[in-house]
Amino acid sequence: MDFDRTRVDSSAQRLRAGRRRVSGAVAATRGWEPAQREMSAALLDPPEDIAGVVTRLKELQRILDGLPPSPGNNRVAAFNSLYLTITEQVAAHLTGPDVTDARWLEVLDVEFARLYFTALASWAAPDGDTPDAWEVLFRRAHDGEVSALEAAVLGVNAHINHDLALALVATWQRLGYPGDGPQHPDYLIVNKIFYRHIPPLRRRFATAWQMQIDRCVGDLDDWTQRVLVRTTRAWAWEQAERLWELQDDKDDLARARTVMDRAAAIAGETLLTGAGIVRVLWLTVVGKVTMLWRWLRRRSVRPALARVR
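Keep in mind it's a predicted model, so treat the numbers as computed, not measured. (Residues numbered from 1 in each chain as written. Predicted model: local features only at pLDDT ≥ 70, side-chain atom pairs only at ≥ 80, totals over all residues. Heavy atoms only, no water.)

> Lay out helix 4 (residues 75–93) with the relevant residues and their values.
The end-to-end C-alpha separation of helix 4 is 28 Å, in line with the 27 Å expected for 19 residues at 1.5 Å each. Taking burial as the measure, the 19 residues of helix 4 include 14 buried ones, the bulk of the element. Its side-chain oxygen placed 2.9 Å from the backbone nitrogen of Val76, Asn74 serves as the N-cap of helix 4. (Helix = DSSP H or I, 4+ residues; strand = E, 2+ residues; numbered from the N terminus. Expected span 1.5 Å × (residues − 1). Buried < 20%, exposed > 50% of the residue type's maximum accessible area, 1.4 Å probe, protein only. Polar contact = N/O pair within 3.5 Å; in protein donor to acceptor, adjacent residues only side chain to side chain.)

Written as structure tokens, this is what we have:
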């Protein structure tokens, strides 16, 4: 059964409503007080290379570590710290023998980081258009009941399930669509970096009881997180391909981006409610979003076929 645009828009609205039901009454304090001016200055000029990204993340870490609820305990700082570590590792791999197109991988990293920086800047504005996926984390920047580990995971969810597809499209716009070129294997190199560094990073952020669970399950957590990284990053590449096909249809492209953002947001909210709920709701969301993507793709393919005929 085909979807019409009204049903797509209705689905996007239901995703937002579902997120609000899951999140409950979470107070939102917009901005980065008492370092609002310093944060705005740090986000002014977008970096042009991965060295600039690393420098920017270090500066943001210094600022975020000084924000409420207490020094070193801001929840956005927890994600920023993890992101900085991963980015430094990507930078170190750019000149390695496994990378075929270092320029492409660097541009992707820069475009990826810019989306995070843009989200931070938008949260500082009273009427800023912050993506829903990032709002899930930013609303909890001062929340001591959210652990550093949970906050880091919320940031990873927003950055991969929302930003990564958009960063891929931006990279293809700058350097050309790669098709079956060598860039996809380079893209997968980042998976290996995650596999290597997520376990120690997770344990660095874990609370005492989380560490006890970690010792009980042994390597199971590491294995499941490797599967999650591989699956979500593969899905991001597929989402980017669908967005690429929709470039000539601004309305459907905007709808697709909205659905992607709100699906990532509701996944983030459920990460705080328990693993069982996460699995059930994530499967539901992915199933619904997949149908919407297929409908949007059919709309983009049909005009192309008509032109060929």
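> Break down the pattern of salt bridges for me, citing the residues and quoting the values.
Counting across every chain of the model gives 12 salt bridges. Glu88 serves as the salt-bridge partner of Lys58, at 3.9 Å between the closest nitrogen and oxygen. Placement of Lys58 in helix 3 (residues 50–64) and of Glu88 in helix 4 is noted, with a sequence separation of 30 residues between them. Given a relative accessible area of 46%, Lys58 falls into the partly exposed group. For Arg62, the salt bridge is made with Glu59, and the minimal N-O distance between the two is 2.7 Å. Of this pair, Arg62 and Glu59 both sit in helix 3, 3 residues apart, roughly one helical turn. On the basis of relative accessibility, which here comes to 45%, the residue Arg62 falls in the partly exposed class. Overall, Glu59 belongs to the partly exposed group, its relative accessible area being 31%. Where salt bridges share partners, they join Glu48, Glu111, Arg114 and Arg174 into one cluster. (Salt bridge = Lys/Arg side-chain N within 4 Å of Asp/Glu carboxyl O.)

> Describe the side chain of Asn74, with residues and values.
Within the fold, Asn74 resides in the loop between helix 3 and helix 4. What makes Asn74 buried here is its relative accessible area of 1%. Looking at Asn74, its side chain comes within polar contact range of the main-chain oxygen of Pro68, at 2.9 Å. A polar atom in the side chain of Asn74 sits 3.4 Å from the backbone oxygen of Ala141. If sequence neighbours within four positions are ignored, Asn74 has contacts with Leu64, Leu67, Pro68, Pro69, Ala141 and His142. (Contact = heavy atoms within 4.5 Å.)

> Explain helix 3 to me, and be specific about the residues and the numbers.
With 15 residues, helix 3 extends 21 Å between its outermost C-alpha atoms, agreeing within 8% with the 21 Å of an ideal straight helix rising 1.5 Å per residue. The set of residues buried in helix 3 consists of Ile50, Val53, Val54, Arg56, Leu57, Leu60, Gln61, Ile63 and Leu64. Looking at the packing, one finds that the buried side of helix 3 touches helix 2 (36–42), helix 4 and helix 5 (102–124).

> Give a detailed account of the packing of aromatic side chains, specifying residues and quantitative values.
Scanning all chains against the criterion turns up 16 aromatic pairs. Through a chain of ring-to-ring contacts, three or more aromatic side chains come together here, namely Trp32, Phe79, Tyr83, Phe112, Tyr116, Phe117, Trp123, Trp134 and Phe138. Over the ring of Phe117 we find Arg56, and its NZ or CZ is 5.4 Å from the ring centre. The aromatic ring of Tyr187 is capped on one face by Arg233, whose charged end is 4.1 Å from the ring centroid. (Phe/Tyr/Trp six-rings, centres within 6.5 Å; stacked < 30°, edge-to-face > 60°. Lys NZ or Arg CZ within 6 Å of the ring centre and 35° of its normal.)

> Describe the environment of Leu246, and please don't skip the residues or the numbers.
For Leu246, the position within the fold is in the loop between helix 10 (220–245) and helix 11 (250–270). Distance from Leu246 to Ala256, taken between C-alpha atoms, is 8.7 Å for residues 10 residues apart in sequence.

> Kindly report on the packing of helix 5 against helix 7 (residues 148–175), identifying the contributing residues and their values.
Running from amino to carboxyl end, helix 5 crosses helix 7 at an angle of 130°, the nearest separation of the two axes being 8 Å. Classed by the angle they form, the pair helix 5 and helix 7 counts as oblique. Relative to helix 7, helix 5 is oriented so that their crossing is right-handed. Across from Arg103, Trp104, Val107, Leu108, Glu111, Phe112, Arg114, Leu115 and Tyr116 in helix 5, the residues of helix 7 making contact are His159, Asp163, Leu164, Leu166, Ala167, Leu168, Ala170, Thr171, Trp172, Arg174 and Leu175. (Axes fitted to C-alpha atoms, helices over the stretch in contact; angles between N-to-C directions. Parallel < 35°, antiparallel > 145°, perpendicular 65-115°, else oblique. Left-handed = near helix turned anticlockwise from the far one by under 90°.)

> An account of the packing of helix 7 against helix 11 is needed here, citing residue identities and associated values.
Between two packed helices, the angle of one axis relative to the other and the distance separating the axes together describe the packing. Put simply, helix 7 and helix 11 touch, their axes get as near as 9 Å, and they point 165° apart. Judged on the interaxial angle alone, helix 11 and helix 7 are roughly antiparallel. Considering only the axes of helix 7 and helix 11, their crossing is right-handed. Along its contact with helix 7, which presents Leu154, Asn157, Asn161, His162, Ala165 and Leu166, the element helix 11 presents Arg257, Met260, Asp261, Ala264, Ala267 and Gly268.

> Can you tell me about unusual backbone geometry, naming the residues and giving the values?
Omega for the peptide link from Glu33 to Pro34 comes to 5°, which places this bond in the cis form. Mapped onto the secondary structure, Pro34 falls in the loop between helix 1 (5–23) and helix 2. Looking along the chain, the bond that leaves Pro68 and enters Pro69 is cis, with omega of 15°. Relative to the helices and strands, Pro69 is located in the loop between helix 3 and helix 4.

> Any chance you could break down the side chain of Asp109 for me, citing the residues and the numbers?
Within the secondary structure, Asp109 is located in helix 5. Although Asp109 lies buried, it forms no salt bridge, and the closest oppositely charged side chain, Arg233, sits 8.4 Å away as judged by the N-O distance. Contact partners of Asp109, with chain neighbours within four places excluded, come to Ile50, Val53, Tyr83, Thr87 and Val90. (Lys, Arg positive; Asp, Glu negative; His and termini not counted.)

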